[in-house]
Protein chains: 2
Amino acid sequence: MQLILLSGGSGKRLWPLSNDARSKQFLPFLEREDGERESMLQRVVRQLDAAGLADNITIATNIAQKDIIVNQLGENVRVVTEPERRDTFPAIALAVSYLSIEKKCGDDEVVVIMPCDPYTESGYFEAVKDMVSVAQRNVAELVLMGITPTYPSEKFGYVVPESHDTSRKDYYRVERFTEKPDVRKAEELLAEGAFWNGGVFAFRIGYMMDIVRRYVRSDSFEDTRARYQEFPKISFDYEVAEKAASVAVVPFAGSWKDLGTWNALTDELKCNVIGNAVMGGHCRNTHIINELQYPIFADGLEDVVVAASPDGILVCGKEHTEHIKKSVENLTHRPMYEVRRWGTYRVLDDTVYPDGHHALTKSITLERGRNISYQIHHHRSETWTFVQGEGLFAFDGKVRRVTAGETVVIPVEHYHAIKAVTELTFIEVQTGHPLIEEDIERFEWQWPE
Amino acid sequence: MQLILLSGGSGKRLWPLSNDARSKQFLPFLEREDGERESMLQRVVRQLDAAGLADNITIATNIAQKDIIVNQLGENVRVVTEPERRDTFPAIALAVSYLSIEKKCGDDEVVVIMPCDPYTESGYFEAVKDMVSVAQRNVAELVLMGITPTYPSEKFGYVVPESHDTSRKDYYRVERFTEKPDVRKAEELLAEGAFWNGGVFAFRIGYMMDIVRRYVRSDSFEDTRARYQEFPKISFDYEVAEKAASVAVVPFAGSWKDLGTWNALTDELKCNVIGNAVMGGHCRNTHIINELQYPIFADGLEDVVVAASPDGILVCGKEHTEHIKKSVENLTHRPMYEVRRWGTYRVLDDTVYPDGHHALTKSITLERGRNISYQIHHHRSETWTFVQGEGLFAFDGKVRRVTAGETVVIPVEHYHAIKAVTELTFIEVQTGHPLIEEDIERFEWQWPE
């Protein structure tokens, strides 16, 4: 049995803490029972592990998220990245091709597809096991999880079971799917015994590969990936679920939430204050999450969320947090904080001066043993002042040791790389024009032993 | 006639925009009729000028405020600084000594003492002129302004006129002063026709110098200043007003406010958003002032003030802003933004790392033609990367031209100074131990012509 976790989303709904590189599933604010904090992704993987489902996890994602996934789950995680963003069908087609062609999984092996960020309980993972069992028994081409609705929601697609299928089994046969309905229609669906479509699917690899080969027929995964554009931009629901000859649904009636708005997320936080903040005595149902160095003081607030990061500062009545995505779309022009494979950076200052000069100042931290690739910039020079730790600095073919207190200047067109011997932090000041992340050319480099 | 403006206050009541160096009177948020913004101090000086009272202004303040006063009022402003903070009597004694000894004002010249930050109208300055006239006519030793109360406030001292003194003159004789009363007592005082004591006084220089000489008798102002500790720590009200043999009060019945809380200040702002911020459509009576680079988005708030600066971020229901001073006392350990005589600096980052290293990163802007003094540091080294403009950099006795894009490194114990040819900005990274502003030794330096 194989498991594919879908990790996508541009994540502006939890602005300013989420951005294009740090979608909501990566926010490290959920509290475990031992008091440690974890992200939604880490929570789901931990729950899969507890359910005995973590042996063969593949994460299907885009290149922007690969670094943070490795950072959160470790170097050994299996990640398949799309060459470009399309839709859920191409993403799943690519990941299944990887399992079939690269990992040589057999056509009869069952694959479970699931989102990487449901906030749910252990019963959910028991339902996943039931789905695998139903798929293995070949009851239907496609098995999906049906969440027992708790109210007539307009936000979900619905799965309607066959009305005469009332035998007590661990699944129902599916009669039809419906789009997101209005409330009246949703009430009718509830009366029919319909389920929410939770986006969890199980099928045999061979079934999916037959569909894949309609678009890309190849014996090489690299080739399949290179021809990614030949997959249509369409969702898995449209391309596969709605066209399947037979579909079964396995019900799950437990707690299941999407922590995709500040209102929903703060409901699940055990702590009202995370980060450098103080709350006065006159706040009610108010949450503060502060990732900035600047202290926050809040008082006299009711049902408000305050969230601050280098991307911006949100102060919002909780009932209005559902709509911020559109409002903040153009507030930030570049990510101000990123988790990379080698560590993290924070933008400290990004100013275009009246005389036209542009300068960008970052604080960059490399984890012990990690390195930034050997590279040159064509348009910017960089000044690095080391402020913590010890590293190896490669410059135009030579390597020397650097420590806190030292400064190096890297002019335009000079080769450079840095490797952390201990955890290493430096302040980088970029000057030049244009100052964009894309002004980088990478080269091979062999660090000395 | 001479005028002494008292400028003091540690200013945490308008945290995070005010700090020890930038008290509330310096916040540049009041809108003039021409749309330009000005501070309370600049507004008062402009109003004094319009009333013809600006010819002889002396500002009595402490050394921490001198730079920002010069920055806001220009190089020609007359400033007398206390060597240490004591109370209003010593501060006024020192400023009057300056006028008497250094400026050789005659004993009969009238001096008006007033705070530098009342938010008031032109009638207030007409009342000041009346006070000068009453003092010149020698009606009483001391003349003060009585603000006609609008409600039984517990926040002000009161001045009670003689009850039989009902003749229609431009002043009343004062029977007694009272401390800040409770509400019931304040109601009684209002029934008696008492005034609020607005802290504006007029007297002849000779009268005050007689009191000064009880503590410090000297023919030299420098000597008087050196002996500042010999003045008792006491308020002008206690030491002078309450002991005066005869006091007259000149009434003022117009609009007069202390914009000393966020609630009061935002009431007078014409604009709900100042700085990089966006307000959604569901806010009511909410104000945002943002001095940070990070954008703010606010929605769903009612009667809330959001204020952000490098010192911190305040999010507070307006009715609770009166009490923030105590709450934020220990939130900020050092000023993160300062206006200096030569320009401004902002702290971008201030981090003590797990390995014990400490680094401080600042963005420093010098105004055209200004310079930082020739200096050495005993404990820190500095890296300056110039990001805007052109300057002269003095290092160990030699001067060279620097421009945007260049980096200089200043190790511990090396002499250095910088002068702005055009407006000049550089990013400074300090490393060493300890990193404190006081680690500085200044020397004379002659810039080449």
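Being a predicted model, the structure only gives us computed values, none of them experimental.

## Details of the pairing of strand β5 (residues 78-82) of chain B
Residue and element names in this part refer to chain B.
- Taken across its five residues, β5 has five buried, putting it largely inside the fold.
- Here β5 shows a buried face lined by R78, V80 and E82 and a second buried face lined by V79 and T81.
- Bridge analysis of strand β4 (residues 57-62) against β5 gives five bridges, and the strand direction is parallel. Paired with N62 across the bridge in β5 is E82.
- After leaving β4, the chain enters helix α2 (residues 63-73) and then returns to the sheet as β5, a path that is right-handed.

## Quick word on the pattern of salt bridges
- The tally for this structure, following the rule as stated, stands at 62 salt bridges over all chains.
- With a closest N to O distance of 3.0 Å, R400 of chain A and E406 of chain A form a salt bridge.
- The exposure class assigned to E406 of chain A is partly exposed, which follows from its relative accessible area of 25%.
- Between R341 of chain B and E75 of chain B there is a salt bridge, with its nearest N and O atoms 3.4 Å apart.

## Things to note about the interface of chain B and chain A
- Across the contact, 59 residues belong to chain B and 59 residues belong to chain A.
- Carbon and sulfur atoms make up 65% of the area that chain B and chain A hide from each other, which totals about 4,500 Å².
- Its largest share of buried area at the contact with chain A, chain B owes to Y294, F297 and I313 of chain B, together 17% of the area lost on that side.
- Between chain B and chain A we count two salt bridges in total.
- In this structure, the salt-bridge partner of D349 of chain A is R346 of chain B, at a minimum N-O distance of 2.9 Å.
- For the interface between chain B and chain A, the tally reads 24 residue pairs in polar contact (both at pLDDT 80 or more).
- Residues belonging to the side of chain B that touches chain A are distributed by class as follows: 31 nonpolar, 22 polar and six charged.
- Of the strand pairs in this sheet, strand β19 (residues 312-317) of chain A and strand β17 (residues 296-299) of chain B are connected by four bridges, and their pairing is parallel.

## With respect to the sheet that holds strand β17 (residues 296-299) of chain A
- The six strands are arranged β15(A)-β17(A)-β19(B)-β18(B)-β16(B)-β14(B) in an open sheet whose pairing can be described as mixed. Unpaired on one side and paired on the other, β15 (277-279) of chain A together with β14 (273-275) of chain B mark the two borders of the sheet. Averaged over neighbouring strand pairs, the angle between their axes works out to 5° when direction is ignored.
- Here β15 of chain A pairs with β17 of chain A via three bridges, running parallel.

## Re the relation of the copies chain B and chain A
- Mapping chain B onto chain A is achieved by rotating through 180° and translating by 0.0 Å along the same axis, at an RMSD of 0.1 Å. The symmetry that links the two subunits is that of a two-fold axis. For chain B, the residue whose C-alpha comes nearest the rotation axis is L348 of chain B, separated from it by 2.9 Å.

What counts, and where the lines are drawn
- Along each chain, residue indices are assigned from 1 in the same order as the chain's sequence is written.
- Each chain is given a letter, starting from A, and each ligand a number, starting from 1, according to the order in which they appear as written.
- Only residues with pLDDT of at least 70 are given local features in this predicted model, and only at 80 or more are side-chain atom pairs given and counted; all residues enter the totals for whole chains, interfaces and linings.
- No hydrogens and no water enter the side-chain calculation; it runs on all heavy atoms of the structure.
- Residue burial is assigned from relative accessible area. The probe radius is 1.4 Å, only protein chains are included, and a residue is buried under 20% of its type maximum, exposed over 50%, and partly exposed in between.
- Under the scheme used here, helices are H or I runs from DSSP no shorter than 4 residues and strands are E runs no shorter than 2 residues, and both carry numbers assigned from the N terminus.
- Two strands pair if DSSP finds at least two bridges between them.
- Whether a crossover is right-handed comes down to one check: with the strands pointing away from the viewer, does the path from the first strand over the helix to the second run clockwise; if it does, it is right-handed.
- Salt bridge, as used here: a side-chain nitrogen of Lys or Arg that lies within 4 Å of a carboxyl oxygen of Asp or Glu.
- Contact between two residues is taken to exist if any of their heavy atoms lie within 4.5 Å; hydrogens are not considered.
- The quantity reported as buried area is the accessible area (1.4 Å probe) lost by two parts once they are put together, taken as the sum for both.
- Polar contacts, as counted here, are pairs of nitrogen or oxygen atoms within 3.5 Å of one another; within protein the pair requires one atom able to donate a hydrogen and one able to accept it, and residues that are adjacent in sequence qualify only if both atoms are side-chain atoms.
- Residue type decides the class: Asp, Glu, Lys and Arg count as charged, Ala, Val, Leu, Ile, Met, Phe, Trp, Tyr, Cys and Pro as nonpolar, and the leftover types, Gly among them, as polar.
- Angles shown run from 0 to 180 degrees and are taken between the N-to-C directions of axes, each axis being a line fitted to C-alpha atoms and, for helices, limited to the stretch in contact.
- Superposition of the copies used a least-squares fit over C-alpha atoms from residues whose pLDDT is at least 70 in both.

The analysis is restricted to geometry; functional conclusions fall outside its scope.
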